[in-house]
Amino acid sequence: MIAILIDNKLQHFMNEIKFSFRYIFDNRGYAYRFINNIDELKQNDIFIIYSPTEPDEKSVKDLAKKLITIFIICEMELYERVSYNPERLRRNMRELKLLYPTQVITARPFNHAAENYIDSDTCGGKINIDVVGNIYFHLSQAEQIMQPGAKGNERFIDENSAFYPHRDSPAVDSMLWLIESMLKEHARTQRIPLAQKALWPKNESCALMLCHSVENLQKWNASSLILSLVDNLGLLFTLKLQQLFHNLKGQMQYIFTNYELYWNFEEYRRLEKENNCRSCFYLAVEKGEDIDYSLEDPDLQEEIQACLNEGCEIGLILSNDKLTRDEMLRQKQVMLHQLARSELGIKQYGYTWNLEIMELQDKIEPKYSISTAFKEAPGFYNSCSFPYHPYINGKASYLILPSVFRDNYLHINKRKLMTLDHAKSELKRYFQKVSKTTHGIFSLDFSLAAYHDIRYAQNLYSYFLALISSSNAWNATPLEIADWWEKRARVTIQEGEYEIRVYFPDDLPSFALHIQGEQKVREIDGISAKIDGNTLHFKNVKAESVAVIRLVQ
């Protein structure tokens, strides 16, 4: 097991530090515990020391003669609200080659991100960047706190972030890789069995969320048809003829058939069903400044039921016109009553995100929020592709599920779209970044309106569904992903020299466990599992079950 000793000099930041450590090892799927002194260490522990005082090389090597010992430097200023401002943050950013070129925050000079001491007598190392503090910095929204704050329905301005130019390379994921790589290397060298929970139920390459924001259901009426003439003239004069003909076709279709072009529930579900995929439709509960429909619409009631019958999910769009706890809670209760469910995921209208909204969402306790995304370009918001509980005076009540790609990123400007080939290339590039590199969540939000507004939307969406169908991604609804992430965290592991015990407090249809190291599995008691190399695959695990994994001695 991983044993973590936090220097007493860091007592003032203990809650923040433990929050970050828990995220790191819960994310990576390792068993860990916090200790107060070295007398609590046990045989085969991997000992991690976190301190602002850097030991000399001899001290680390002396400790590493008894146990695998890894020292991580702490830079306390990463936890102090007043220590950083935007200018200092940019000065202290440094690019390192980790899993990929990664921006880290450090005020310390060093030659190497990490150093290993491995010989016949010792097994240990040092991490010279404060990975724990860096990860806390991102998950606590520290950069937003140091900026002049957006309030109410104002978005935090993406371009104000020092990490915005590096949004393709999530720094948190890369630092998780650094810690995990060091753990695996030392466990393998010392032949210590190290059990690791797979990220996803069947050890898939990543998780995949398909989302549809339903922010409008009506495109045309008399006034909008008249106003559209201006846009059509603009398309004509700029020779955007393909988009012009697309718009005219839709207008004629509405005028002669009264067919509402934004009512595309069935079209999306048909494409998804053909590719054995499911999605989540995010709906508001009533008309307002930004919403032109209500749940009371009988046709919408039928669509909701059809979505649920086909295994899709319904989530809640929270409006921006009444940002109070009571109003947001009322909207949540209305949707829960509509769905006859006890849990619900939410999305803020237009991906409006700031610290005030984050705290309001915490007060209404949804299962998850999918409200973080860049406005103009794809990328990894908060430098992370995994679920996480944000730090809001402690661990928040809900998970944030990251958003990566939205359909509005396909618009170069009001009248121009990127080409279909370019759109396919961008979608594939980001999906492969997740599925082959970070192994987190890839989320795609194709709004209901996009099916008509983007002339090649059907071809692009069909292309992407075919792409993911041939991959090893786990397509699940956001509620399923959030539920899995929390149940996975509750699975506990106890490691001995030749035996590993795994306790499952919840029912789990599938679960995979890696055994890091060279030891082979001799037998498994309590629960049957399929052995595939160093990975064990469990199926239909019942709550309160225990698997005892015995290794070859």
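Each remark here, short or long, concerns the structure printed above.
The present account deals with the structure reproduced in this document. (Residues numbered from 1 in each chain as written. Predicted model: local features only at pLDDT ≥ 70, side-chain atom pairs only at ≥ 80, totals over all residues. Heavy atoms only, no water.)

1. Some points on the pairing of strand 10 (residues 207–214)
What counts, and what does not: Working definition: with a 1.4 Å probe on protein chains only, accessible area under 20% of the residue-type maximum means buried, over 50% means exposed, and in between means partly exposed. What counts as a helix is a DSSP run of H or I of at least four residues, what counts as a strand is a run of E of at least two, and both are numbered from the N terminus. Any two strands with at least two DSSP-identified bridges between them are counted as paired.
Taken across its eight residues, strand 10 has eight buried, putting it largely inside the fold. Neither face of strand 10 is open: one carries Ala207, Met209, Cys211 and Ser213, the other Leu208, Leu210, His212 and Val214, and all of them are buried. Summarising the sheet, strand 10 and strand 19 (residues 441–445) pair through five bridges and their orientation is parallel. Across the sheet, the residue bridging to leucine 210 is leucine 444, located in strand 19. Judged from the two bridges that link them, strand 10 and strand 20 (residues 474–475) form a sheet pairing that is parallel. Directly across from leucine 208, in strand 20, lies its bridge partner asparagine 475. With four bridges connecting them, strand 10 and strand 11 (residues 280–283) associate as parallel partners.

2. Some words on the side chain of threonine 122
Stated precisely, the cut-off is as follows: Contacts between residues were defined by any pair of non-hydrogen atoms, one from each residue, lying within 4.5 Å.
Secondary-structure assignment places threonine 122 in the loop between strand 7 (114–118) and strand 8 (123–127). The class of threonine 122 is buried, set by a relative accessible area of 5%. Ignoring sequence-local partners within four residues, the contact set of threonine 122 consists of Lys61, Ala64, Lys65 and Tyr117.

3. A short note on the side chain of serine 447
Along the chain, serine 447 falls in the loop between strand 19 and helix 14 (450–453). Residues contacting serine 447, with those up to four places away along its chain left out, are His212, Ser213, Tyr268 and Asp407.

4. Considerations on the sheet that holds strand 4 (residues 68–73)
What counts here: Between N-to-C directions, angles cover 0 to 180 degrees, with each direction set by a line fitted to C-alpha atoms, over the stretch in contact for helices.
Strand order in the open sheet formed by six strands is 2-1-3-4-8-7, and the pairing between neighbours is mixed. Of all the strands in the sheet, just strand 2 (32–35) and strand 7 have a single pairing partner and so form its edges. For this sheet, the mean inter-axis angle between neighbouring strands, taken without regard to orientation, is 20 degrees. Of the pairings in the sheet, the one linking strand 1 (residues 2–6) to strand 2 comprises four bridges and is parallel in character. Bridge pairing in strand 2 places alanine 3 opposite arginine 33.

5. Digging into the sheet that holds strand 21 (residues 492–495)
Pairing between sheet strands relies on hydrogen bonds along the backbone, with the strands arranged either parallel or antiparallel. Ordered in space as 21-22-27-24, the four strands form an open sheet in which the pairing is antiparallel. Since the sheet does not close on itself, it has two edges, and those belong to strand 21 and strand 24 (521–525), each with one partner. Shown here is a sheet whose adjacent strand axes are inclined to one another by a mean of 15 degrees, direction ignored. Direction of pairing for strand 21 relative to strand 22 (residues 499–504): antiparallel, over a ladder of four bridges. The partner of isoleucine 493 across the bridge, within strand 22, is valine 502.

6. Section: the state of the cysteines
In plain terms, the rule: Pairs of cysteine sulfur atoms within 2.5 Å are what we label disulfides.
Tallied over the full model, the rule gives zero disulfides. Cysteine cysteine 211 remains unbridged, with the sulfur of cysteine 280 as its closest cysteine sulfur at 5.8 Å.

7. Remarks on the packing of helix 9 (residues 265–274) against helix 10 (residues 298–309)
For any two helices packed against each other, one specifies the crossing angle of their axes together with the interaxial distance. Using the following cut-off: Roughly parallel covers angles under 35 degrees, roughly antiparallel covers those over 145, roughly perpendicular covers 65 to 115, and oblique covers all other angles. Polar here means any residue other than Ala, Val, Leu, Ile, Met, Phe, Trp, Tyr, Cys and Pro, which are nonpolar, and Asp, Glu, Lys and Arg, which are charged; Gly is therefore polar.
Contact geometry of helix 9 with helix 10 gives a least axis separation of 11 Å together with a crossing angle of 10 degrees. Taken together, helix 9 and helix 10 sit at an angle that is classed as roughly parallel. For the pair helix 9 and helix 10, the contacting residues are Phe265, Glu266 and Arg269 in the first and Leu300, Glu303, Ala306 and Cys307 in the second. In terms of residue class, the contact of helix 9 with helix 10 is made up of four nonpolar, no polar and three charged.

8. Things to note about the nonpolar core
The condition is simple: Put simply, a nonpolar core is a bunch of buried Ala, Val, Leu, Ile, Met, Phe, Trp, Tyr and Cys residues held in one set by side-chain atoms that sit within 4.5 Å of each other.
Grouped together as the largest cluster of nonpolar side chains are 166 residues, with contacts concentrated most on Phe25, Tyr50, Trp200, Phe442, Phe464, Phe504 and Leu513. For leucine 513, the residues in contact, after removing those within four places along its chain, are Ala195, Gln196, Lys197, Ala198, Ile493, Val502, Asn534, Thr535, Leu536, Phe538 and Ile549. If you look at the next biggest cluster of nonpolar residues, it comprises ten residues, including Tyr84, Leu89, Met93 and Phe163.

9. Quick notes on the packing of helix 1 (residues 14–28) against helix 4 (residues 131–139)
Interhelical geometry of helix 1 versus helix 4 gives an angle of 95 degrees and a closest axis separation of 9 Å. One finds that helix 1 runs roughly perpendicular with respect to helix 4. Here helix 1 contributes Glu16, Ile17, Phe19, Ser20, Phe21, Tyr23 and Ile24 to the contact with helix 4, which in turn contributes Val132, Ile135, Tyr136 and Leu139. Looking at the contact of helix 1 with helix 4 residue by residue, the classes come out as nine nonpolar, one polar and one charged.

10. Points about the packing of aromatic side chains
We describe a pair of aromatic rings using the distance from one ring centre to the other and the angle between the two ring planes. To be explicit about the condition: Stacked, edge-to-face and tilted labels apply to pairs of Phe, Tyr and Trp rings (six-membered ring for Trp) whose centres lie within 6.5 Å, assigned for plane angles under 30 degrees, over 60, and everything in between, in that order. Both a distance and an angle decide whether a charge sits over a ring: NZ of Lys or CZ of Arg must be within 6 Å of the ring centre and within 35 degrees of the ring normal.
Inspection of the entire model under this criterion finds 32 aromatic pairs. On the numbers, 5.7 Å between centres and 25 degrees between planes, the contact of phenylalanine 13 with tyrosine 79 is stacked. Placement of the pair is phenylalanine 13 in the loop between strand 1 and helix 1 and tyrosine 79 in the loop between strand 4 and helix 3 (86–91), with a sequence separation of 66 residues. Just as phenylalanine 13 is buried, tyrosine 79 falls in that class too. Where phenylalanine 431 meets phenylalanine 464, the ring centres are 5.7 Å apart and the plane angle is 85 degrees; that geometry is what we call edge-to-face. Placement of the pair is phenylalanine 431 in helix 13 (residues 420–438) and phenylalanine 464 in helix 15 (residues 457–469), with a sequence separation of 33 residues. For phenylalanine 431, a relative accessible area of 3% translates into the label buried. Taken together, the aromatic side chains of Trp200, Phe386, Trp474, Trp484, Trp485, Phe504, Phe511 and Phe538 make up a single cluster linked through ring pairs. We note lysine 18 situated over the ring of phenylalanine 34; from NZ or CZ to the ring centre the distance is 5.1 Å. Cation over ring: arginine 488 sits above tryptophan 485, and NZ or CZ is 4.8 Å from the ring centre.

11. Observations concerning unusual backbone geometry
Positive phi outside glycine occurs at glutamate 365, with the angle close to 50 degrees. Relative to the helices and strands, glutamate 365 is located in the loop between helix 12 (355–364) and strand 14 (368–369). Phi at asparagine 540 is positive, roughly 50 degrees, even though this residue is not glycine. The exposed category is assigned to asparagine 540, whose relative accessible area is 59%.

12. A closer look at the pairing of strand 26 (residues 535–541)
With six bridges joining them, strand 23 (residues 508–516) and strand 26 adopt antiparallel strand pairing. Across the sheet, residue leucine 513 finds its bridge partner in strand 26, namely leucine 536. Strand direction decides the pairing type here: strand 25 (residues 529–532) and strand 26, joined by four bridges, are antiparallel. Residue lysine 530 lies in a different strand from strand 26, and its bridge partner there is histidine 537. Hairpin connection of strand 25 to strand 26: two residues between the antiparallel strands, including glycine 533 at a positive phi of 65 degrees.

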